[in-house]
Amino acid sequence: MIGYLNLILRLTIWFLLTANFTITNIMIGVAIAFLIPGLKKTPTALKDWLRVLGEIVVAIPQAYLEAIEMIFRPHNEEEIIMERVKPRRTPGLIFLDIFLITFTPKTIVLKYHEDGWYAVHRVQRRKLP
């Protein structure tokens, strides 16, 4: 089941990049999705996928609120923090985690470290003394 979710994720990314739903493009997308290495089945629970997709749905209104807040209340302070990758993450779930962090306007993932950390750049309002 999880292998199918990885395949669907790859096809979704392909269609977002190409914005073309012709039969030829669909066949090319399916071929590329199968040819990209790493489609092996890995032990991941379906609930992990559903949790991440639910977090993405919640992140959409959060992104709008953060953007409006940044317009009216400037964020002058920056910091780079290290966030721990959640345990038992497959490459597809790591991609979705990075997408989730980067989707909101106040944060962006600078680097994924193979030892299980994300370097995250975050802007915030300056703290008054």
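Refer to the structure presented above.
An account of the accompanying structure is given in this report. For clarity, every value in this text was computed on a predicted model and none was experimentally measured. (Residues numbered from 1 in each chain as written. Predicted model: local features only at pLDDT ≥ 70, side-chain atom pairs only at ≥ 80, totals over all residues. Heavy atoms only, no water.)

### Description of the overall build of the chain
In step 1: Of the regular secondary structure elements, the chain holds four helices and three strands.
In step 2: For the chain, the succession of helices and strands along the chain, N to C, is α-α-α-β-α-β-β.
In step 3: With the model as given, the accessible surface of the chain reaches about 8,900 Å², and the carbon-plus-sulfur share is 70%. (Helix = DSSP H or I, 4+ residues; strand = E, 2+ residues; numbered from the N terminus. Areas by Shrake-Rupley, 256 points an atom, 1.4 Å probe, with all protein chains shown as cover.)

### Notes on the pairing of strand E2 (residues 107-113)
Consecutive residues of a regular strand have side chains that alternate between opposite faces of the sheet.
In step 1: Pairing analysis gives six bridges linking E2 to strand E3 (residues 117-124), with the strands arranged antiparallel. By the bridge assignment, tyrosine 112 is partnered in E3 with tyrosine 118.
In step 2: The hairpin formed by E2 and E3 contains three residues between the paired strands, and glycine 116 there has a positive phi angle of roughly 105°. (Pairing = 2+ DSSP bridges.)

### As for unusual backbone geometry
In step 1: Despite not being glycine, alanine 19 shows a phi value in the positive range, around 55°.
In step 2: Checked against the element boundaries, alanine 19 lands in the loop between helix H1 (2-18) and helix H2 (23-35).
In step 3: By relative accessible area, alanine 19 is classed as exposed at 62%. (Buried < 20%, exposed > 50% of the residue type's maximum accessible area, 1.4 Å probe, protein only.)

### Overview of the side chain of threonine 107
In step 1: Mapped onto the elements, threonine 107 comes out in strand E2.
In step 2: Not counting residues within four places of it along the chain, the set of residues in contact with threonine 107 comprises Ile101, Thr102, Val120, His121 and Arg122. (Contact = heavy atoms within 4.5 Å.)

Without other data, these values stay purely geometric and don't point to any function.
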